[in-house]
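Inside the fold
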Amino acid sequence: MAGSRELGSKYFGRSVKKWRLIANLSQEDLAERARLGVTMLGTAERERGHISTEVLCKLSLGLESELGKPMLETLFIESFTAMWKDSLATEARLRE
């Protein structure tokens, strides 16, 4: 199960970074809004380790405060859609 956690973290980290940049926030700004350390945010964005649900919720609330729209659902949908597409591509390569 650890592999799936790491795989999921990869996609969540990409989505968080994408929306942070769209919101024109520095890592320090988002970390402050999310009440997290900059190191924790950087770790998540660099796709290192596991992003807990608590951290993901804090990040989504930090982004939501800047973007003015709910972000938790957006982060989940984007992340799982990207993971699903990559899985389909991997399956297709394995079938060749």
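In short, a report on the structure. (Residues numbered from 1 in each chain as written. Predicted model: local features only at pLDDT ≥ 70, side-chain atom pairs only at ≥ 80, totals over all residues. Heavy atoms only, no water.)

**A look at the overall build of the protein**
This is how the line gets drawn: The helix and strand labels rest on DSSP assignments: H or I over at least four residues marks a helix, E over at least two residues marks a strand, and numbering proceeds from the N terminus. As a reference, a globule follows 2.2 Å times the number of residues to the power 0.38, and the radius of gyration itself is taken over C-alpha atoms. With residues, only the protein chains shown are counted as cover, and all accessible areas are computed by Shrake-Rupley using a 1.4 Å probe. Charge convention: Lys and Arg are scored as positive, Asp and Glu as negative, and His as well as the terminal groups of each chain are ignored. Working definition for charges: the position is that of NZ of Lys, CZ of Arg, CG of Asp or CD of Glu.
Helix and strand content of the protein: five helices and zero strands. Helices (α) and strands (β) of the protein occur, in sequence order from the N terminus, as α-α-α-α-α. Taken over the C-alpha trace, the protein has a radius of gyration of 14 Å; the compact-globule value for 96 residues is 12 Å, and the two agree within 12%. With respect to the principal axes defined by its C-alpha atoms, the protein has extents near 45 × 25 × 20 Å. Of the roughly 6200 Å² of accessible surface on the protein, 55% is carried by carbon and sulfur atoms. Of note, the protein has its 15 positive side-chain charges centred 3 Å away from the centre of its 14 negative side-chain charges.

**Some points on the side chain of R20**
What counts, and what does not: Note on contacts: a residue pair qualifies if any of its non-hydrogen atoms lie within 4.5 Å across the two residues.
Position of R20 among the secondary structure elements: in helix α1 (residues 2–22). Residue contacts for R20: discarding those within four places in its chain leaves L25, S26, Q27, L30, L41, E45 and L63.

**Details of a nonpolar patch on the surface**
Our working rule: Only residues whose relative accessible area exceeds 30% and that take part in no salt bridge are eligible for patches, with like-charged residues grouped when within 9 Å of each other and nonpolar side chains (Val, Leu, Ile, Met, Phe, Trp, Tyr) grouped when within 5 Å. What makes a salt bridge here is a side-chain nitrogen of Lys or Arg within 4 Å of a carboxyl oxygen of Asp or Glu, nothing more.
A cluster of nonpolar side chains, namely L72, F76 and F80, defines an oily patch on the protein surface of about 230 Å² accessible area. In this structure, F80 sits in helix α5 (residues 72–95).

Everything listed here is a matter of coordinates, which is why it stays silent on function.
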